[in-house]
Amino acid sequence: MPKQQANWSPYDNNGGTCVAIAGADYCVIAADTRMSTGYSILTRDYSKIIQLADKSVMASSGFQADVRALQKVLAARHLIYQHQHNKQMSCPAMAQLLSNTLYFKRFFPYYAFNVLGGLDSEGKGCVFTYDAVGSYERVGYSAQGSGATLITPFLDNQLKSPSPLLLPAKDAVTPLSEIEAIDLVKTCFASATERDIYTGDKVEMLVLNANGIRREVMELRKD
Amino acid sequence: MSRFEESAPAKGGFSFDLCKRNEMLVQKGLKPSSYLKTGTTIVGLVFQDGVILGADTRATEGPIVADKNCEKIHYMAPNIYCCGAGTAADTEAVTDMVSSQLKLHRFHTGRESRVVTALTLLKSHLFSYQGHVSAALVLGGVDVTGPHLHTIYPHGSTDTLPFATMGSGSLAAMAIFESKYREGLTRDEGVKLVAEAISSGIFNDLGSGSNVDVCVITKGKREYLRNYMLPNPRTYVSQKGYSFSKKTEVLMTKITPLRELVEVIEGGDAMEE
């Protein structure tokens, strides 16, 4: 009998796309609500977004079982922090915690592609983007998941500073207003849905600003 | 058709000479190029006056939609149409080829083509390629012997059925057919059922999507209803639109002039043969 390879994988990909955009005094985090496996849809109404602290919101695509486990770990750690420090974690602090949590499982990773958004201590929008093992960077905008390759070039065109070599360097956050940023996010998802089979059904958008947090849902193509 | 005399490479067809080299490249880490598969839901059913064929219109390349509105119901003869699932190039090529063969046969015999003729031509072609031509077809038509509906698998086997589905969305569509099909449907009932089965594939299978195409074939008449249903309009179009004013950034301009004068030396060395 020829040598048999292991053909059971502990991971599955449930698809989906997440996007976050940082503004001068707001942050938009959005994710579609479709959960799929292979060519089938598991549910059309699954939220990939979780609010970890009052100014930190995380969206994750990938393997939702690992995402759910990761969310639980972060929520527990945040609760402990609140007990020890008598305050909520700031978004940059949560960003570091997420990175450490991911790297802790460096040799059996969380199959989760995360994007963390929120307001920093000055009230400016911040977005942190991660890979599966915790490498992270603060950016002005980010997309992760199956539709990321379709959305990122569009956001680069609309939001990116022309070149890091041109001075003066533009700030990481976009000068767009909140309304314009939401319009951009809706366009991104409507377009990604047209061409990516794993993105669709609905898009859930959370907007954080000085007044608090607001949630909006938009219908997408269901095919 | 005297195919047996010609050797495969001379006439086309598959030559397996590069298989060993491809294996070696894959082992070295080269990923084989992907081809366009149709994903797909295709169906056919027999009703009281003839056959109805249906198909979705999405063509996928892995997880990306390559064509949002492609045509999967192919013309074979005025009274015969064929839906194709699998590799798009294979379904196109094989249906075009058999369609041409049927036309020549019509000239030869002076008669209307029969569905079993198309069936035999398709199945023997697919069998001879041992499944490498990845075409799964639903063939339907009405000829002098009556209405016919067949499914043809990539390896060359066929079935004759009153209702059939193929493609990645075949289970979703077959669930509808098994619940609601009965013999002796009218034209409107049949079209409605076919559209429902294709919709089931479109919404529940990720490999199928966009619109519903329907083709109704009866004795002496066929109606090709392209985009019979469009249940998936674009959900959001930005009011203000977007401009793409950013061109490529020019960071540096340097002009290197080419040499202006070229000297011709008389009596130089002649060019080597």
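The rules behind the values
Residues numbered from 1 in each chain as written. Chains lettered and ligands numbered in written order. Predicted model: local features only at pLDDT ≥ 70, side-chain atom pairs only at ≥ 80, totals over all residues. Heavy atoms only, no water. Salt bridge = Lys/Arg side-chain N within 4 Å of Asp/Glu carboxyl O. Helix = DSSP H or I, 4+ residues; strand = E, 2+ residues; numbered from the N terminus. Pairing = 2+ DSSP bridges. Axes fitted to C-alpha atoms, helices over the stretch in contact; angles between N-to-C directions. Contact = heavy atoms within 4.5 Å. Polar contact = N/O pair within 3.5 Å; in protein donor to acceptor, adjacent residues only side chain to side chain. Phe/Tyr/Trp six-rings, centres within 6.5 Å; stacked < 30°, edge-to-face > 60°. Lys NZ or Arg CZ within 6 Å of the ring centre and 35° of its normal. UniProt positions renumbered as here; feature names shortened; annotations may be inferred.

A. Region of interest: the pattern of salt bridges. All names here are of chain A. A complete count under the given rule lists 22 salt bridges over all chains for this structure. With a shortest N-O distance of 3.3 Å, Asp120 and Arg138 are connected by a salt bridge. Pair noted here: Asp120 is in the loop between β7 (112–119) and β8 (125–130) and Arg138 is in strand β9 (residues 136–139), with a separation of 18 residues, a long-range link.

B. Representation of the sheet that holds β9(A) within the structure. Residue and element names in this part refer to chain A. Overall, antiparallel pairing links the 5 strands, which are arranged β5-β6-β7-β8-β9 in an open sheet. Both edges of this open sheet fall to β5 (49–53) and β9, since each of them pairs with a single strand only. Each strand axis lies, on average, 25 degrees off the axis of its neighbour in the sheet, ignoring direction. For β7 and β8, the ladder comprises 5 bridges, and the chain directions are antiparallel. Bridged to Leu116 within β8 is Phe128. Here helix α1 (residues 64–85) sits on the sheet in contact with β5, β6 (56–62) and β7, set at roughly 160 degrees to β6. Strand contacts of helix α2 (residues 91–104): β5, β6, β7, β8 and β9, with the helix running at about 5 degrees to β8, the strand carrying the most contacts.

C. How the structure looks around the side chain of A:Thr129. Residue placement: A:Thr129 occurs in strand β8. Only 2.8 Å separates the side chain of A:Thr129 from the side chain of A:Ser142, close enough to count as a polar contact.

D. Representation of the packing of aromatic side chains within the structure. Residues and elements named next belong to chain A. In this structure the tally under the stated criterion is 12 aromatic pairs over all chains. The cationic tip of Lys105 hangs over the ring face of Phe108; the distance from NZ or CZ to the ring centre is 4.4 Å. For Lys105, the ring lying beneath its charged end belongs to Tyr110, and the centroid distance is 5.3 Å.

E. Broad picture of the UniProt feature "active site" (unreviewed entry) in chain B. Residues and elements named next belong to chain B. In the numbering used here, UniProt assigns the feature "active site" (unreviewed entry) to Thr40. Among the secondary structure elements, Thr40 is positioned in the loop between α2 (19–28) and β1 (42–47). Here Thr40 is in contact with Asp56, Lys72, Gly84, Ala85, Met166, Gly167, Ser168, Gly169, Asp205, Gly207 and Ser208, once residues within four sequence places are set aside. Side-chain polar atoms of Thr40 contact the side chain of Lys72, separated by 3.0 Å.

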